[in-house]
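# Structural overview for review
Take a look at the letters that make up each chain.
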Amino acid sequence: MVSGLFLFFSVLILCWSHSSAAPANVRPVLVHFLATEGNTALLRCPIGNVDYFTVTWRKQGSDSDLATSSDSRISTVFKDSAHSLQIENIQESDAGTYYCVANFPLTVEYSVKVLPPQLPSSSEPLITHITEDQEINVGDAVELNCTIANAEGLPVIWTKDGKTILSVGQVKISRNPRIALNLDIPTYGLSITNAQESDAGRYECVITRDVLIKKSVELKVNQPPVALINPQN
């Protein structure tokens, strides 16, 4: 079971000037990732279509593609619309900066630190509220809200139908211009304007930690009713 532990998460959009590991003029997504020694860390790179994009994982200080690493603990996997780097039984020596570089302008930089095993916390993170299932008409607007507790620093992810990543923390991943994030932390809101039938589905709010904590809301989008005009007799 994947059990990389995020202790804190910040996403910054930065001008790429401090490293030559990414293509020029690329604005990377920067993720601070802390894992517990001995667990499995999963570094996610949210690029959806494996058939169109080439993705390479590298560690700072080396030009080697980690997909061909001789270390059996390290592998790359494509799952849930993300090209991920998996490090099993992570050790202190695995700490460092990792780059997911694609052949289009998106680079994800992971700053990975590894901490000794910790005692379980008495205050477990949880989702205290999520919007009830919604049924709307085409053209309507809707907002889905997810409120969390005891999860300071843990990333909250919105997904659709369990595979499409819409947002990570405070960064919108979806390219759909009708989707927006409305954040009033600890509430993470996902809004959809001018809803279409393709927006229908199950939306999940996920807290990423040792064991994924998630709740979902079902969105139905119907064609608006058509007024019937009775012919005059």
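Residues numbered from 1 in each chain as written. Predicted model: local features only at pLDDT ≥ 70, side-chain atom pairs only at ≥ 80, totals over all residues. Heavy atoms only, no water.

## Overview of the nonpolar core
As a rule of thumb, soluble globular proteins bury nonpolar side chains together. Among the nonpolar cores identified, the biggest contains 23 residues, and Ile148, Trp158, Ile192, Tyr203, Cys205, Ile207 and Leu219 are the most heavily contacted of them. Here the element with the most residues in this core is strand β11 (residues 142–149); it accounts for 4 residues. Apart from the residues lying within four places of it in its own chain, the contact partners of tyrosine 203 are Leu144, Trp158, Thr159, Lys160, Leu166, Leu190, Ile192, Lys215, Ser216, Val217 and Leu219. If you look at the next biggest cluster of nonpolar residues, it comprises 21 residues, including Val31, Leu85, Val108 and Val112. (Core = buried A, V, L, I, M, F, W, Y, C linked by side-chain atoms within 4.5 Å. Buried < 20%, exposed > 50% of the residue type's maximum accessible area, 1.4 Å probe, protein only. Helix = DSSP H or I, 4+ residues; strand = E, 2+ residues; numbered from the N terminus. Contact = heavy atoms within 4.5 Å.)

## Focus: the sheet that holds strand β6 (residues 82–87)
In spatial order, the strands read β3-β6-β5; together these 3 strands make up an open sheet with antiparallel pairing. Two strands in the sheet have a free side with no partner beyond their single neighbour: β3 (41–45) and β5 (74–79). On average, adjacent strands in this sheet sit at an angle of 25 degrees to one another, irrespective of strand direction. (Pairing = 2+ DSSP bridges. Axes fitted to C-alpha atoms, helices over the stretch in contact; angles between N-to-C directions.)

## Topic: the sheet that holds strand β16 (residues 187–192)
What the 4 strands build is an open sheet, ordered β9-β11-β16-β15; its pairing is antiparallel. Since the sheet does not close on itself, it has two edges, and those belong to β9 (126–130) and β15 (179–184), each with one partner. Each strand axis lies, on average, 20 degrees off the axis of its neighbour in the sheet, ignoring direction. Sheet topology note: the β9/β11 ladder contains 4 bridges and is antiparallel. Each bridged residue has a counterpart across the sheet, and for isoleucine 127 the counterpart in β11 is isoleucine 148.

## Some details on the state of the cysteines
Tallied over the full model, the rule gives 2 disulfides. There is a disulfide in this structure between cysteine 45 and cysteine 100, and the S-S distance comes to 1.9 Å. What sets the handedness of the cysteine 45 and cysteine 100 disulfide is the S-S torsion sign, and at about -80 degrees it is left-handed. In this pair, cysteine 45 is assigned in strand β3 and cysteine 100 in strand β7 (residues 96–102), connecting sequence segments 55 residues apart. As far as burial versus exposure is concerned, cysteine 45 and cysteine 100 are alike and both buried. Between cysteine 146 and cysteine 205 runs a disulfide, and the two sulfur atoms are separated by 1.9 Å. Between cysteine 146 and cysteine 205, the disulfide has an S-S torsion of -70 degrees and is therefore left-handed. Placement of the pair is cysteine 146 in strand β11 and cysteine 205 in strand β17 (residues 201–207), with a sequence separation of 59 residues. The same class applies to cysteine 146 and to cysteine 205, which are both buried. For the protein, numbering the cysteines in disulfides from first to last along the sequence yields the connectivity 1-2, 3-4. (Disulfide = S-S within 2.5 Å.)

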